[in-house]
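Examining the three-dimensional arrangement
Each chain, letter by letter, is given below.
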Amino acid sequence: MAVLVTGGAGYIGSHMVLALKDAGRSVVVIDDLSTGFRRAVPETVPFVKGCVGDERLVAKTIMEHGVDAIVHFAGSIVVPDSVRDPLDYYLNNTVRSRALLAAAVAGGVKRVVFSSTAAVYGEGSDEPLTEDEPLDPISPYGASKLMTERMLADMSRAYGLSYAALRYFNVAGADPDGRAGQSSPRATHLIKVAAQAALGGRNHLECYGDDYPTPDGTCVRDYIHVSDLAHAHLLALDHLEAGGDSFVANCGYGRGASVLEVIDAVKRCAGVDFPVHVAPRRDGDPASLVADPTRIRETVGWRPRHDDLDSIVGHALAWERQVAERGAGQA
Ligand SMILES: NC(=O)c1ccc[n+]([C@@H]2O[C@H](COP(=O)([O-])OP(=O)(O)OC[C@H]3O[C@@H](n4cnc5c(N)ncnc54)[C@H](O)[C@@H]3O)[C@@H](O)[C@H]2O)c1
Ligand SMILES: O=c1ccn([C@@H]2O[C@H](COP(=O)(O)OP(=O)(O)O[C@H]3O[C@H](CO)[C@H](O)[C@H](O)[C@H]3O)[C@@H](O)[C@H]2O)c(=O)[nH]1
């Protein structure tokens, strides 16, 4: 039986494919390559180029590869884009997830692990957020993900499918062995962009807002290493396969870093300085988002291995050097 990884050519999905292969699992990837890279998926892994909203293609993939579990990463991920073009986000993240899930049920898939997000919590809080926090997304991105969580909850009751919805906080870093990383030259994530600035790929970095109600005025986020996150998915899948109940859980370390702290870490680890310009606040950005990771630890026994900002930044920089050596967009 195989695990279908949607969005497996993307940043987090490609790390999940490695984690599954390292664990000796059979994997098949479906990805439309809208933001992913074919070369991010090892040649030994079957690859289907197409959209998760194509129910017939998904059904065929499930049947041909004997898929009994899906890890669903495919989606659109840029919060400010979702504010500008909400319908696009509801289409790609919600409507197409519905098609994928319909094909999954029809094809007898019993387990789904879903990429959700801290953006479902809305404005956040000064305190670490538990899963019981009110769900009140302030961006269409967060709302589009929450709708899929709700579809999964309803489906599990109606069809007996079991699921884990993992609410990631800010994912960063790269495979410690240099096999995968964030490859998109247009990526907007802070650590990626700061690594590009440190290596000369950008001439400056913009800090979006320094007047937030946080200790240094810049936004606080809980940065989680992408390999720790992939490991959490593996454990979630094991839990469901062993007959464990469906669950929703935060994925973060329980500690926040401000935008300025991240920039300092990147400059320190790279040993270079680069200009930072304070810019206006970005639409859809809550002041502070930090996870309470108790539930993921207790439910599946997750123990992070890279819970350290300098390690995350160091791995991100190492990957960015590979990207730079191969030429922009060729990683
Ligand atoms: N990166 C983060 O910090 C973060 C935080 C919270 C949640 N997430 C979620 O994790 C998932 C993966 O994010 P990522 O950072 O790896 O992004 P990414 O853009 O690198 O990966 C997404 C992948 O999905 C593919 N894709 C998009 N729409 C598709 C479709 N309709 N059909 C088939 N393939 C499609 C893209 O080509 C890409 O390979 C997303 O669902 C995102 O919402 C990411
Ligand atoms: O060039 C930049 C890029 C980012 N930031 C700031 O850095 C912080 C982190 O921004 P990212 O773009 O790296 O990440 P987000 O917090 O916007 O969003 C990420 O985490 C969210 C959950 O916390 C969602 O899940 C989303 O998919 C994922 O992109 C924000 O305050 C942002 O304003 C800057 O100041 N300058």
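The name an unreviewed UniProt entry gives the protein chain is UDP-glucose 4-epimerase, with Methylopila capsulata as the organism. Turning to the protein chain, the UniProt annotation filed under Catalytic activity (unreviewed entry) states: "UDP-alpha-D-glucose = UDP-alpha-D-galactose". Recorded in UniProt under Pathway (unreviewed entry), the annotation for the protein chain is "Carbohydrate metabolism; galactose metabolism."

1. Here's the deal with the site of ligand 2
Taken together, 21 residues surround ligand 2, and among them Thr117, His189, Glu206, Arg282 and Asp285 come closest. Here asparagine 170 contributes a side-chain N or O atom positioned 2.9 Å from an oxygen atom of ligand 2. At 2.9 Å, a backbone N or O of tyrosine 208 approaches an oxygen atom of ligand 2. Per-class residue counts for the shell around ligand 2 are 13 nonpolar, four polar and four charged. Among the domains, domain 1 (2-172 + 223-251) and domain 2 (190-221 + 254-326) are the pair contributing at least three residues each to the shell around ligand 2.

2. Focus on the nonpolar core
The biggest cluster of nonpolar side chains holds 65 residues, and the ones touching the most others in it are Leu166 and Ile296. No other element matches the nine residues that helix H7 (residues 226-241) contributes to this core. For this core, the two domains that each supply at least three residues are domain 1 (2-172 + 223-251) and domain 2 (190-221 + 254-326). The next biggest cluster of nonpolar side chains, apart from the first, holds 25 residues, and it includes Val28, Val52, Val67 and Ala104.

3. A closer look at unusual backbone geometry
Trans peptide bonds make up the majority, and among non-glycine residues the majority have a negative phi. Here leucine 33, not a glycine, exhibits a phi torsion of approximately 60 degrees, which is positive. Here leucine 33 shows up in the loop between strand S2 (26-31) and strand S3 (47-49).

4. Notes on the packing of aromatic side chains
In the structure shown here, the tally under the stated rule is three aromatic pairs. Ring geometry for tyrosine 121 against phenylalanine 169: centres 6.4 Å apart, planes inclined by 35 degrees, an arrangement best described as tilted. In this pair, tyrosine 121 sits in the loop between strand S5 (111-117) and helix H5 (140-159) while phenylalanine 169 sits in the loop between strand S6 (162-168) and strand S7 (170-172), placing the two residues 48 residues apart along the sequence. Judged by relative accessible area, tyrosine 121 falls into the buried class, the value being 4%. Its relative accessible area of 5% is what places phenylalanine 169 among the buried residues. An angle of 5 degrees between the planes, with centres 6.3 Å apart, marks the rings of tyrosine 253 and tryptophan 302 as stacked. In this pair, tyrosine 253 sits in the loop between strand S11 (247-251) and strand S12 (257-258) while tryptophan 302 sits in the loop between helix H9 (294-300) and helix H10 (309-326), placing the two residues 49 residues apart along the sequence. Look at tyrosine 253 and you get buried, because its relative accessible area is 10%. Lysine 267 extends its terminal NZ or CZ atom over the ring of phenylalanine 274, reaching a point 5.0 Å from the ring centre. Across from the ring centre of tyrosine 212, 4.0 Å away, lies the NZ or CZ of arginine 281, which sits over that ring.

5. Some details on the domain arrangement of the protein chain
We note that the domain assignment places domain 1 (2-172 + 223-251) and domain 2 (190-221 + 254-326) within the protein chain. Placing the centre of domain 1 and that of domain 2 at their C-alpha centroids yields a distance of 23 Å. Taken residue by residue, the interface counts 34 residues in domain 1 and 27 residues in domain 2. Between domain 1 and domain 2 the total buried area reaches about 2,800 Å² when both faces are included, carbon and sulfur atoms providing 64% of it.

What counts, and at which threshold
- Residues numbered from 1 in each chain as written.
- Chains lettered and ligands numbered in written order.
- Predicted model: local features only at pLDDT ≥ 70, side-chain atom pairs only at ≥ 80, totals over all residues.
- Heavy atoms only, no water.
- UniProt positions renumbered as here; feature names shortened; annotations may be inferred.
- Near = heavy atom within 4 Å.
- Polar contact = N/O pair within 3.5 Å; in protein donor to acceptor, adjacent residues only side chain to side chain.
- Nonpolar A, V, L, I, M, F, W, Y, C, P; charged D, E, K, R; others polar.
- Domains from an automatic or database assignment.
- Core = buried A, V, L, I, M, F, W, Y, C linked by side-chain atoms within 4.5 Å.
- Buried < 20%, exposed > 50% of the residue type's maximum accessible area, 1.4 Å probe, protein only.
- Helix = DSSP H or I, 4+ residues; strand = E, 2+ residues; numbered from the N terminus.
- Phe/Tyr/Trp six-rings, centres within 6.5 Å; stacked < 30°, edge-to-face > 60°.
- Lys NZ or Arg CZ within 6 Å of the ring centre and 35° of its normal.
- Contact = heavy atoms within 4.5 Å.
- Buried area = accessible area lost by both parts, 1.4 Å probe.

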